[in-house]
Amino acid sequence: MEIESEIDVGVQRALLDKVRRHTGIHMADRKWTLLQGRLRRRLQALELSRYRDYLAVLDAQPEEVGAFINLVTTNETSFFRTPRIWDHFRQQLLPEWFRQHRGATLQLWSAAASTGEEAYSMAMLCEEFREHHPAFKYQILATDIASHVLATGKAGHYQGKSIEGLRRTHPELAAKYFQPSGEGYLASPSLRAHVLFREHHLHRRLDGAARFDIALLRNVLIYFDEEGQCSVLENVHRAMAPGGVLVIGESESLTRLNVGFEFEQPLIYRRGERAHA
Ligand SMILES: C[S@@+](CC[C@H](N)C(=O)[O-])C[C@H]1O[C@@H](n2cnc3c(N)ncnc32)[C@H](O)[C@@H]1O
């Protein structure tokens, strides 16, 4: 089926607006070509030739929203992305937290987890730490708005570029924590037992008490405008324990935003003691 190539500006704007409404992601008008490319396959699958008809499907069928979110989000990630963060995690954050919280369980959050490489990177370093400190306990919550990436994380099964990257940069950890399985490698039961994957929209409040000692909110703020960033950071702030550590992505900064996190070093912030009403 031939898909229209001349698209009414009103339809373009309406679809860009749907992205914001459903994900909080701000796509300026100039991003239309990107969005068009991503939606094309979906139109083909639904045998629609006009973007205006897809808009009508999105309005009429709430179950289409999940597919739309899966298409419009950018899910790029890798194991141990940004190595210096992980050095800091292993050398400073884990030992410091353990010294100060004997008997407690370290609560970690991968807040835009994508396919789970970030959460399993944390889990591997926690397992390594536990080998030397058997009393150490931890739990990881991995959340994302896109259901298709969470399915990969839950399965804990990686192939291609993802696992090859880990095998190249961290061969010992890859061999210890990932076993060959089918076309790829499966995360060990010890890793999988510590990571819970769940759908969560960062523009909503996470349920439960403020509890996270360490939250990774990396490479996702860049997709929101300033108002959206503030609202997401307010929600993350609420979910974190006082004094908790927030890690952001390399192309992100909180310096212009007054959101209750204190700068500690590049990419690392600490949640202030301010309590929420
Ligand atoms: C580029 S990936 C970053 C993955 C990982 N944090 C990293 O740094 O490698 C961005 C992720 O944010 C997710 N995302 C986008 N908007 C979101 C929202 N409003 N709530 C939760 N997750 C969102 C996307 O689905 C995507 O998986």
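Residues numbered from 1 in each chain as written. Predicted model: local features only at pLDDT ≥ 70, side-chain atom pairs only at ≥ 80, totals over all residues. Heavy atoms only, no water.

Chemist: Sorry, what's going on with the pattern of salt bridges here?
Modeler: Where charged atoms from two side chains of opposite charge approach closely, those side chains can pair. Scanning the model with the defined rule gives 17 salt bridges in all. When the shortest N-O distance is used, the salt bridge between E234 and R238 registers 3.8 Å. Taken together, the residues span about one helical turn, with E234 and R238 both in helix α11 (residues 226-239) at a distance of four residues. On the basis of relative accessibility, which here comes to 21%, the residue R238 falls in the partly exposed class. Salt bridges sharing common partners tie together E96, E264 and R270. (Salt bridge = Lys/Arg side-chain N within 4 Å of Asp/Glu carboxyl O. Helix = DSSP H or I, 4+ residues; strand = E, 2+ residues; numbered from the N terminus. Buried < 20%, exposed > 50% of the residue type's maximum accessible area, 1.4 Å probe, protein only.)

Chemist: How do you make sense of the side chain of R270 when you look at a structure like this?
Modeler: Structurally, the position occupied by R270 is in strand β10 (residues 268-271). A polar contact is formed between the side chain of R270 and the side chain of E96, at a distance of 3.1 Å. Excluding its chain neighbours within four sequence positions, the residues that come into contact with R270 are E96, G243, G244, V245, G260, F261, E262 and E264. (Polar contact = N/O pair within 3.5 Å; in protein donor to acceptor, adjacent residues only side chain to side chain. Contact = heavy atoms within 4.5 Å.)

Chemist: What should I look at first to understand the pairing of strand β5 (residues 184-187) in this one?
Modeler: It is a general feature of regular strands that their side chains alternate between the two faces of the sheet. Relative to β5, strand β3 (residues 157-158) runs antiparallel, the two being bridged by two bridges. Within the sheet, the bridge partner assigned to Y158 lies in β5 and is Y185. If you look at the hairpin formed by strand β4 (residues 178-181) and β5, you'll find two residues sitting between the two strands, and G182 has a positive phi there, around 55°. (Pairing = 2+ DSSP bridges.)

Chemist: Explain the domain arrangement of the chain to me, please; I cannot follow it from the model alone.
Modeler: Often the size quoted for an interface is simply the accessible area lost on bringing the parts together. Along its sequence, the chain is carved into domain 1 (9-72) and domain 2 (83-271). Computed over C-alpha atoms only, the centres of domain 1 and domain 2 are separated by 30 Å. In this complex, domain 1 contributes eight residues to the contact, which on the side of domain 2 involves nine residues. Both sides together, the interface formed by domain 1 and domain 2 hides about 720 Å², and carbon and sulfur atoms give 52% of it. The interface formed by domain 1 and domain 2 holds one salt bridge in total. Here R20 ties to D225 by a salt bridge, and the two come within 3.1 Å at their closest N and O atoms. Counting the contacts that link domain 1 with domain 2 gives five residue pairs in polar contact (both at pLDDT 80 or more). Sorting the residues of the side of domain 1 that touches domain 2 by element identifies α1 (9-23) and α4 (64-72) as the ones contributing at least two each. Here the side of domain 1 that touches domain 2 is built from residues that sort into two nonpolar, five polar and one charged. (Domains from an automatic or database assignment. Buried area = accessible area lost by both parts, 1.4 Å probe. Nonpolar A, V, L, I, M, F, W, Y, C, P; charged D, E, K, R; others polar.)

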